[in-house]
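Listed below are the residues making up each chain.
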Amino acid sequence: MSTEEEIDEGVFHRSESDGRVELGEIDELEDTTQRSAKKNGKKKTSLSGPDIRSIAVDDATESAEKAKLNRFLSKKRILNELQAEIFGISLPPVSNETEYVSSTDENPYIMEGDIVYTEEQLDRLIEDVRGQLFAKYHPEGPKQLSLTPNLAMRWTLPIPYYFDSEVNRTTILAGIRLWEQETCIRFTRKDRKPPGKNAIYFINGTGCYSSVGMIPSWGENYSEGQPVSLWTRGCNYLGTVVHEIAHALGAIHEQSRSDRDSYVIIMENNIKNGQLHNFLKESFLDYGVGYDYGSVMHYSKNAFAIVPNKPTILPKDPMMENVIGQKVGLSFLDVKKMNLAYCSSVCRNTLPCQNYGYVNPNNCNVCKCPPPYGGKLCDRLQLSGCGDLTLTATSSSKTITASGTEPCYFLITAPRGKKIQFKMLKFLSSEMCEFCYIEIKMNRDFIKYGPRFCRFTQTTILSETNEAMIVFQGYYSTNSFSMEYRIA
Ligand SMILES: [Zn+2]
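What counts, and where the lines are drawn
- Residues numbered from 1 in each chain as written.
- Predicted model: local features only at pLDDT ≥ 70, side-chain atom pairs only at ≥ 80, totals over all residues.
- Heavy atoms only, no water.
- Axes fitted to C-alpha atoms, helices over the stretch in contact; angles between N-to-C directions.
- Helix = DSSP H or I, 4+ residues; strand = E, 2+ residues; numbered from the N terminus.
- Parallel < 35°, antiparallel > 145°, perpendicular 65-115°, else oblique.
- Left-handed = near helix turned anticlockwise from the far one by under 90°.
- Contact = heavy atoms within 4.5 Å.
- Nonpolar A, V, L, I, M, F, W, Y, C, P; charged D, E, K, R; others polar.
- Phe/Tyr/Trp six-rings, centres within 6.5 Å; stacked < 30°, edge-to-face > 60°.
- Buried < 20%, exposed > 50% of the residue type's maximum accessible area, 1.4 Å probe, protein only.
- Expected span 1.5 Å × (residues − 1).
- Polar contact = N/O pair within 3.5 Å; in protein donor to acceptor, adjacent residues only side chain to side chain.
- Core = buried A, V, L, I, M, F, W, Y, C linked by side-chain atoms within 4.5 Å.
- Pairing = 2+ DSSP bridges.
- Patch = residues over 30% accessible without salt bridge, like charges linked within 9 Å, V, L, I, M, F, W, Y side chains within 5 Å.
- Areas by Shrake-Rupley, 256 points an atom, 1.4 Å probe, with all protein chains shown as cover.
- Salt bridge = Lys/Arg side-chain N within 4 Å of Asp/Glu carboxyl O.
- Disulfide = S-S within 2.5 Å.
- Donors = N, O, S within 2.8 Å, 3.2 Å for Na, K, Ca; no water.

Enquirer: I'd like a rundown of the packing of helix α6 (residues 169-182) against helix α8 (residues 238-249), residues and numbers included.
Expert: Two elements in contact, α6 and α8, have axes separated by 9 Å at closest approach and are oriented at 60°. On the basis of their axis angle, the class for α6 and α8 is oblique. Considering the relative orientation of α6 and α8, their crossing is right-handed. Packed against α6, whose contacting residues are Thr171, Ile172, Ala174, Gly175, Ile176, Leu178 and Trp179, the element α8 presents Leu238, Val241, Val242, Ile245, Ala246 and Leu249 at the interface. Its residues assigned to classes, the contact of α6 with α8 comprises 11 nonpolar, two polar and no charged.

Enquirer: Account for the packing of aromatic side chains, naming residues and giving values.
Expert: Inspection of the entire model under this criterion finds 19 aromatic pairs. Ring centres 5.7 Å apart and planes at 50° place the aromatic pair Tyr299 and Phe304 in the tilted group. Relative accessible area serves as the criterion here: at 0%, Tyr299 is assigned to the buried category. A centroid spacing of 5.8 Å and a plane angle of 55° characterise the contact between Phe332 and Tyr358, whose relative ring orientation is tilted. Placement of Phe332 in helix α9 (residues 332-342) and of Tyr358 in strand β10 (residues 358-360) is noted, with a sequence separation of 26 residues between them. What links up through ring pairs into an aromatic cluster is the set Tyr161, Phe163, Phe187 and Phe202.

Enquirer: Help me get a handle on α6, residues and values and all.
Expert: Helix length check: α6, at 14 residues, gives a terminal C-alpha distance of 20 Å against a target of 20 Å (1.5 Å per residue), a fit within 8%. Next to the buried residues of α6 lie β3 (159-163), β4 (187-189), β5 (200-203), β7 (226-230), α8 and α9. Between the side-chain oxygen at the start of α6 and the backbone nitrogen of Thr170 there is a gap of 3.1 Å, and the oxygen is on Asn168.

Enquirer: Let's hear about the nonpolar core: which residues, and what values?
Expert: Trp179, Phe187, Ile200, Phe202 and Leu249 are the most contacted members of the largest nonpolar core, which totals 39 residues. Looking at this core, the elements with two or more residues in it are β3, α6, β5, β7, α8 and α9. One finds Leu391, Ala414, Phe427 and Ile461 within the second-largest nonpolar core, a separate group that totals 26 residues.

Enquirer: Lay out the sheet that holds strand β21 (residues 467-473) with the relevant residues and their values.
Expert: The strand order β14-β16-β21-β18-β19 describes an open sheet built from five strands, whose pairing is mixed. In this open sheet, the two edge strands, each paired with only one partner strand, are β14 (390-392) and β19 (452-453). Bridging between β14 and strand β16 (residues 408-413) involves three bridges; their strand directions are parallel. Note that in β16 the partner of Leu391 across the bridge is Ile412.

Enquirer: Talk me through a nonpolar patch on the surface; I want residue IDs and the actual numbers.
Expert: Taken together, the side chains of Leu285, Tyr287 and Leu340 present a nonpolar region at the surface, about 240 Å² in accessible area. Residue Leu340 is classed as partly exposed on the basis of its relative accessible area, which comes to 30%.

Enquirer: Requested: an account of the state of the cysteines, with residues and values cited.
Expert: As enumerated under the stated definition, the model contains seven disulfides in all. Between the sulfur of Cys208 and that of Cys235 lies a disulfide, 2.2 Å long from S to S. Linking Cys208 and Cys235, the disulfide has an S-S dihedral of approximately -90° and is accordingly described as left-handed. Of this pair, Cys208 sits in strand β6 (residues 208-209) while Cys235 sits in the loop between β7 and α8; the two residues are 27 residues apart in sequence, bridging distant segments of the chain. In this pair, the class of Cys208 matches that of Cys235, namely buried. Unpaired in this structure, Cys436 has its nearest cysteine sulfur neighbour in Cys454, at a distance of 7.8 Å.

Enquirer: If you had to explain the sheet that holds strand β22 (residues 480-487) to someone new, which residues and values would you point to?
Expert: Strand order in the open sheet formed by four strands is β15-β22-β17-β20, with antiparallel pairing between adjacent strands. The two strands at the open ends of the sheet, each matched to only one other strand, are β15 (398-403) and β20 (460-462). Pairwise comparison of adjacent strand axes, ignoring direction, gives a mean angle of 25° for this sheet.

Enquirer: Could you give an account of the coordination of the zinc ion, naming the residues involved and the relevant values?
Expert: Here the zinc ion is held by the protein donor atoms Asp114 (OD), Asp114 (OD), His243 (NE2), His247 (NE2) and His253 (NE2), which lie 2.0 to 2.4 Å from it. Every donor residue of the zinc ion comes from the same chain, spaced as D-x128-H-x3-H-x5-H. Here Asp114, found in the loop between β1 (110-111) and β2 (115-116), pairs with His247, found in helix α8; they are 133 residues apart in sequence, far enough to count as distant. Here Asp114 falls in the buried class, since its relative accessible area comes to 0%. Take His247: its relative accessible area is 0%, and that puts it in the buried class.

Enquirer: Please set out unusual backbone geometry residue by residue, giving values where relevant.
Expert: Both trends apply: most residues other than glycine have a negative phi, and most peptide bonds are in trans. The amide bond that connects Leu157 to the next residue, Pro158, takes the cis arrangement and shows omega of -5°. Inspection of the secondary structure puts Pro158 in the loop between α5 (119-137) and β3. For Glu112, which is not a glycine, the phi torsion comes out positive at approximately 55°. With respect to the helices and strands, the residue Glu112 is situated in the loop between β1 and β2. Despite not being glycine, Phe304 has its phi angle at roughly 60°, a positive value. Take Phe304: it is sitting in the loop between β8 (264-266) and β9 (313-315). When its relative accessible area of 1% is taken as the criterion, Phe304 is described as buried.

Enquirer: How would you sum up α9? Please name residues and give values.
Expert: Residues three or four positions apart in an α-helix share a direction because the helix packs 3.6 residues into each turn. For α9, the buried fraction is high: nine of the 11 residues fall into the buried class. Where α9 is concerned, the buried positions are Phe332, Leu333, Asp334, Val335, Lys337, Met338, Asn339, Ala341 and Tyr342. Turning to α9, the residues buried within the fold contact α6, α8, β10 and β11 (363-368).

Enquirer: Could you give me a rundown of the pairing of β5, with the residues and numbers involved?
Expert: Burial along β5 is two-sided: Ile200 and Phe202 facing one way and Tyr201 and Ile203 facing the other are all buried. With three bridges connecting them, β3 and β5 associate as parallel partners. Within the sheet, the bridge partner assigned to Phe163 lies in β5 and is Phe202. Summarising the sheet, β5 and β7 pair through four bridges and their orientation is parallel. Across the sheet, residue Ile203 finds its bridge partner in β7, namely Ser229.

Put into structure tokens, the structure is as follows:
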């Protein structure tokens, strides 16, 4: 298995991992509580001895589990049917629920590849999608039908967490550290679940998955905390860890936003049978940040695809095709959104931050800047170690080159009113697009993504304004590029 395959497979789309996930543990129709309890060698009930009572309790528990599973499956089927109607496609008949489980070949409680919704959240989702269907047929109808409360629930800080003995602590701790470095969110490590309180319980479950937001019932009703599963064999990547923690903090998938149709086209005919519920639209709060193609919460272009090399998600801006689905780490806007959700009351002051920076909740005296900006007010370009950062385009061609694994930024300016023309001369790339690319940010709004190239392409690109930024990101030290630029 190549590294790329590992990364692609292991991350969010557990159901896509062609059977490599050990499904043995989950086909017993258990929910995550019982699974993790079982894994730790605990019995389902506290009754001791092989008496009749324990059998009766076990039977009752099992039939309750079965009833719960059936409720889940029928809700999932309702969502599938509603979404099919929204897409305007017909579904093959489903003879019974069991067949439906095997057709999706996944833990029945998991949706969108890695989310475990509570029943209450599923009910709200159904209500939400029903509203969307109503809106489809009644475009002039009352708008509140498509509005439901946000699914996410917030934690109080610091968030207690503890580990199952089998998890990979190093990667998880790195993910926790990253969220702490970038936001005011703090985690506090415990040996076990604090009594009466919820906590994140990192487990080595069968796949990468999490609930969305803090689920109070985990704190109240269970002996264990709310599980975030990071399977050591498939989820041991920083991008995956920060993604799953983001779900636990309340983030939904970016392409599930209810405004996603303005940004992506869902190619419903290439979605696997029984998987339409993974492409629902949900109510969300984004604090005005906007749709983020580069979010670590965005699916890749061929998620749940029947034909793997054909897309299920097509960015409306074709230049974003290589931007969506990155699992490298947090985007500037992933972080900003979470800071707005959890940290907006930390700093009482304001600062005149430039270049889309905002007051840093980890140090209220400085702004938090999108790279490559720095300085107190994000008004300076930081050195990137790749030579001259600011360049001037003239009518004669000049060349920029860079190599290695550090990100390199080049800000190129032409006289006002002129545009800049770029031509790729050389690109020794790696196979891993998300880790190795050349991006051309086409105008002064540098937090916007530009066309991203993952291999040498014989093309000429024209900037939109008199300023453009080139970003080079290598994965191996042997990766390098050179590009020619001049006034168009
Ligand atoms: Zn996810």
